[in-house]
Amino acid sequence: MTAFTSLCSCRPSRGSQKPDVAADPEMSVYSDASNDDLCDELETLGWYHYDLSRHAAEALLLSNGGDGSYLLRNSNGAPGCFALSVRAKDSVKHFHVTRRDNVYIFGFNEFPSFQDFVSHFANQPLLGSDAGTLIVLKSPYPWRVEEPSIYESVRVHTAIQTGRTKDDLVPKAPSLGTKEGYLVKQGAIVKNWKQRWFTLHRNELKYFKDKTCEEPIRTLDLTSCSAVQFDYSQDKVNCFCLVFPDRTFYLCAKTGVEADEWIKILHWKLSQIRKGR
């Protein structure tokens, strides 16, 4: 098992004179304090990603982050456990952080307060391994990412029919954020690529064999989707992925602009879902 050592220039603290060691591939934070106190403290941390899964963290950091990007998330362990996910070139490493008796422990380092723990990362510590791998913790990956609008200004807006009340119109009104079009999708078992017709309506992304089919092959519930972003792991251009608990769906558009439009509107959908709208 590889031992990691932290070489950092943080200000002197109770544990800053000891090297960090992460001897476990999945680094978790265990807390003896109450969950409410811990959550209140972590909610002030802009790079704490709550229940983001390990798979989704890897997809986010590999697609949108850079070398040395990192984030903190809940671990799959016991309540009060967390994981620090760090991008190291073309892979993502996961490390333990422990909180006991109001002290944060990162490897062999101990930080007497939450602020000391955060300051440690602000000083961009360097993690090194016996195998020679070096990881500089350069930049936190923020939980809130502002997305640019993809909507155009309204130039024409007029009623085609009159005499209807709002009760007549609302059930038939189209929902905001709808989109449809052809995308190329990778198969789940046989990793071949096939063109499918996709429709986005409310919180459902459906795909059909082609545009003329009435019954979808599958309906994806976006309330279960944890991330969507450009993907560069496939041997294709204009590719993006949607991360679900049981599977990651890889899709390709004809152009980069079209792929960007799909990603932006899906990002917007997920942000509305997280806000409970």
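Note that this is a predicted model, so its numbers are computed, not measured. (Residues numbered from 1 in each chain as written. Predicted model: local features only at pLDDT ≥ 70, side-chain atom pairs only at ≥ 80, totals over all residues. Heavy atoms only, no water.)

### Some thoughts on the packing of aromatic side chains
Following the criterion strictly, the structure yields 11 aromatic pairs and no others. Centroid distance tryptophan 47 to tyrosine 70: 5.0 Å. Interplanar angle 85°. Geometry classified as edge-to-face. With tryptophan 47 in the loop between helix H1 (35-42) and helix H2 (54-64) and tyrosine 70 in strand S2 (residues 69-74), the pair connects residues that are 23 residues apart, well separated along the chain. For the pair tryptophan 47 and tyrosine 70, a shared accessibility class is recorded, and that class is buried. (Phe/Tyr/Trp six-rings, centres within 6.5 Å; stacked < 30°, edge-to-face > 60°. Helix = DSSP H or I, 4+ residues; strand = E, 2+ residues; numbered from the N terminus. Buried < 20%, exposed > 50% of the residue type's maximum accessible area, 1.4 Å probe, protein only.)

### Some words on the environment of isoleucine 263
Examined against the element boundaries, isoleucine 263 turns out to sit in helix H5 (residues 256-274). When the C-alpha positions of isoleucine 263 and phenylalanine 230 are compared, they lie 7.5 Å apart, and in sequence the two are 33 residues distant. In this view, isoleucine 263 contacts Val228, Gln229, Phe230 and Phe240; residues no more than four positions away in its chain are not counted. (Contact = heavy atoms within 4.5 Å.)

### Considering the sheet that holds strand S14 (residues 218-221)
Strand order in the open sheet formed by seven strands is S14-S13-S12-S11-S17-S16-S15, with antiparallel pairing between adjacent strands. Two strands bound the open sheet, and with one partner strand each, they are S14 and strand S15 (227-230). Put simply, the sheet's adjacent strands are angled 30° from each other on average, direction ignored. Bridge count between strand S13 (residues 204-208) and S14: four bridges; the pairing is antiparallel. Note that in S14 the partner of tyrosine 207 across the bridge is arginine 218. Contacts between H2 and the sheet are confined to S15, strand S16 (239-243) and strand S17 (248-252), with S15 contributing the most and set at about 25° to the helix. Sitting on the sheet, H5 is in contact with strand S11 (179-186), strand S12 (193-201), S13, S15 and S16, with an inclination near 160° to S15. (Pairing = 2+ DSSP bridges. Axes fitted to C-alpha atoms, helices over the stretch in contact; angles between N-to-C directions.)

### Details of the confidence of the model for the protein chain
On average, residues of the protein chain score 74 in pLDDT, and 70% of them reach the 70 mark or higher. Below a pLDDT of 50 lies the segment residues 169-175, which in the model reaches four contacts outside its immediate sequence neighbourhood of four places, other chains included. (pLDDT = per-residue confidence, 0-100.)

### Re the sheet that holds strand S7 (residues 109-111)
With respect to topology, three strands assemble into an open sheet ordered S5-S6-S7, the strand pairing being antiparallel. Both outer strands of the open sheet, strand S5 (98-100) and S7, are each paired with one neighbouring strand and no more. Averaged over all neighbouring strand pairs, the angle between strand axes comes to 25°, with direction disregarded. One ladder, built from three bridges, connects S5 with strand S6 (residues 103-106); its direction is antiparallel. Looking across to S6, one finds that arginine 99 is bridged to tyrosine 104.

### With respect to the environment of tyrosine 207
Topologically, tyrosine 207 is positioned in strand S13. The spacing of tyrosine 207 and leucine 183 is 24 residues in sequence and 9.0 Å in space, taken between C-alpha atoms. Beyond its immediate sequence surroundings of up to four residues, tyrosine 207 is in contact with Lys185, Arg196, Trp197, Phe198, Pro216, Ile217, Arg218 and Phe249.

### Here's the deal with the pairing of strand S3 (residues 82-88)
By the criterion of burial, S3 is predominantly enclosed, with seven of the seven residues buried. With burial as the criterion, each face of S3 is covered, one bearing Phe82, Leu84, Val86 and Ala88 and the other bearing Ala83, Ser85 and Arg87. Here S2 runs beside S3; their pairing, made up of five bridges, is antiparallel. By the bridge assignment for S3, asparagine 74 is matched with phenylalanine 82.

### A short note on the side chain of aspartate 231
One can find aspartate 231 in the loop between S15 and S16. Comment: no salt bridge for buried aspartate 231; closest opposite-charge side chain is arginine 87, at 10 Å. One polar contact links aspartate 231 to serine 233, side chain to side chain, over a distance of 2.7 Å. A distance of 3.4 Å separates the side chain of aspartate 231 from the backbone nitrogen of glutamine 234, its partner in a polar contact. Discounting residues that sit within four places of it in the chain, aspartate 231 has contacts with Ser63, Cys239, Phe240, Cys241 and Tyr250. (Lys, Arg positive; Asp, Glu negative; His and termini not counted. Salt bridge = Lys/Arg side-chain N within 4 Å of Asp/Glu carboxyl O. Polar contact = N/O pair within 3.5 Å; in protein donor to acceptor, adjacent residues only side chain to side chain.)

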